[in-house]
Amino acid sequence: MPPLMVGFDFDMTLVDSRPGIAACFRALTARTGVPVDAELAVSRLGPPLRTEIAHWFPPEQVDEAVTLYRDLYPAYAITPAVPMPGAEAALAAVHARGGRVMVVTAKLGRLAKLHLDHLGLAVDELAGDLFAEQKATALREHGATLYVGDHVADMIAARSAGIPGVGVATGPCSADELAAAGAEQVLNDLNGFPGALDRIIRLAWEG
């Protein structure tokens, strides 16, 4: 059998980053004077930051706002974040089977690493600033066996990489939306992941 490598999305899959991201958007508003509905923004995490910023800033200001947001992020967004239910156990289940874990996220890698280090989440590889089909490149490069995510774009990434996608209905996309996007299995949250892992691995290797 090939080595086990399980990919995970970051925001709302492994980490509930909403409180810190909301705080960062509020800080961005305070610095720029441009009103951002922070609660609305964190209700639809998943796409790249630039997509969200473009809802609030005129096109000629998007680049500057993205840079400022990322500058503010370490001070506002790291400490309030918490692991998603079952996240630590999910990672431990992969490692207990001799596997490795990678995070593939639309968030900048250096910002995701700040979260992972702060929370003590054991991750072996990290690829950032990737979304939807872009994630498939990193998944293929690292020989991912399957990919776990909360967004329909994560299921697109898994399909593009030719591996099973496992949906967790903990983000902006419903279980039905994840299934319709091609998830091989949909879990309510990561608490169900260790019990489902062996079946999902068999599905990946037999496929």
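The shown structure was predicted, so the numbers you read here are calculated from the model rather than taken from an experiment. (Residues numbered from 1 in each chain as written. Predicted model: local features only at pLDDT ≥ 70, side-chain atom pairs only at ≥ 80, totals over all residues. Heavy atoms only, no water.)

(A) Examining the pairing of strand S4 (residues 100–104) more closely. Counting buried residues along S4, four of its five residues qualify, which places the element largely inside the surrounding structure. As defined by bridge partners, strand S1 (residues 5–8) adjoins S4 across four bridges and the pair is classed as parallel. From the neighbouring strand, Gly-7 faces S4, where its bridge partner is Met-102. Bridge count for S4 against strand S5 (residues 125–127) is three bridges, and the pairing is parallel. Counted as the bridge partner of Met-102 is Glu-125 from S5. Handedness of the crossover joining S4 and S5 through helix H6 (residues 109–119): right-handed. (Buried < 20%, exposed > 50% of the residue type's maximum accessible area, 1.4 Å probe, protein only. Helix = DSSP H or I, 4+ residues; strand = E, 2+ residues; numbered from the N terminus. Pairing = 2+ DSSP bridges. Right-handed = clockwise from strand over helix to strand, strands pointing away.)

(B) Here's a closer look at the packing of helix H4 (residues 62–76) against H6. Following both chains from N to C, one finds H4 and H6 inclined at 10 degrees, their axes separated by 11 Å at the closest point. Relative to H6, the element H4 is oriented roughly parallel. Along the contact surface, H4 presents Arg-70, Tyr-73 and Pro-74, while H6 presents Arg-110, Leu-111, Leu-114 and His-115. For the contact of H4 with H6, the per-class residue count stands at four nonpolar, one polar and two charged. (Axes fitted to C-alpha atoms, helices over the stretch in contact; angles between N-to-C directions. Parallel < 35°, antiparallel > 145°, perpendicular 65-115°, else oblique. Contact = heavy atoms within 4.5 Å. Nonpolar A, V, L, I, M, F, W, Y, C, P; charged D, E, K, R; others polar.)

(C) The layout of surface pockets, seen in detail. Taken as a whole, the largest pocket encloses approximately 350 Å³ of empty space. What lines the largest pocket is a set of 26 residues, and nearest its centre among them are Asp-11, Leu-45, Pro-47, Pro-48 and Leu-49. Among the residues making up the lining of the largest pocket, the classes are represented as 13 nonpolar, five polar and eight charged. (1 Å grid on protein atoms, 1.4 Å probe; cavity = no way out; pocket = protein on both sides within 12 Å on 5 of 7 lines; lining within 4 Å. Points joined across faces, edges and corners; volume = space filled by probe spheres on them.)

(D) Main features of unusual backbone geometry. A positive phi is found at Met-12, a non-glycine position, where the angle reads about 70 degrees. Inspection of the secondary structure puts Met-12 in the loop between S1 and strand S2 (15–16). One non-glycine residue, Ala-132, adopts positive backbone phi at about 50 degrees. Relative to the helices and strands, Ala-132 resides in the loop between S5 and helix H7 (133–141).

(E) Spatial organisation of the sheet that holds S5. Reading across from one edge, S5-S4-S1-S6-S7-S8 is the order of the six strands in this open sheet, with parallel pairing throughout. Two strands lie at the open edges of the sheet, namely S5 and strand S8 (185–187), each paired on one side alone. Pairwise comparison of adjacent strand axes, ignoring direction, gives a mean angle of 20 degrees for this sheet. Docked against the sheet, helix H8 (residues 152–161) engages strand S6 (146–149) and strand S7 (165–168), running at close to 175 degrees with respect to S6.

(F) Structural view of the pairing of S1. With burial as the criterion, each face of S1 is covered, one bearing Met-5 and Gly-7 and the other bearing Val-6 and Phe-8. Bridging between S1 and S6 involves three bridges; their strand directions are parallel. Note that in S6 the partner of Val-6 across the bridge is Leu-146.

(G) Region of the structure containing the packing of aromatic side chains. With the rule as written, the count across this model stands at three aromatic pairs. Look at Phe-25 and Tyr-69: their rings are 4.9 Å apart centre to centre, the planes differ by 45 degrees, and that puts the pair in the tilted class. Within this pair, whereas Phe-25 is found in helix H1 (residues 18–32), its partner Tyr-69 is found in helix H4, the two being separated by 44 residues in sequence. Each member of the pair Phe-25 and Tyr-69 is classed as buried. Three or more aromatic residues joined by ring pairs form one cluster here, namely Phe-25, Tyr-69 and Tyr-73. (Phe/Tyr/Trp six-rings, centres within 6.5 Å; stacked < 30°, edge-to-face > 60°.)

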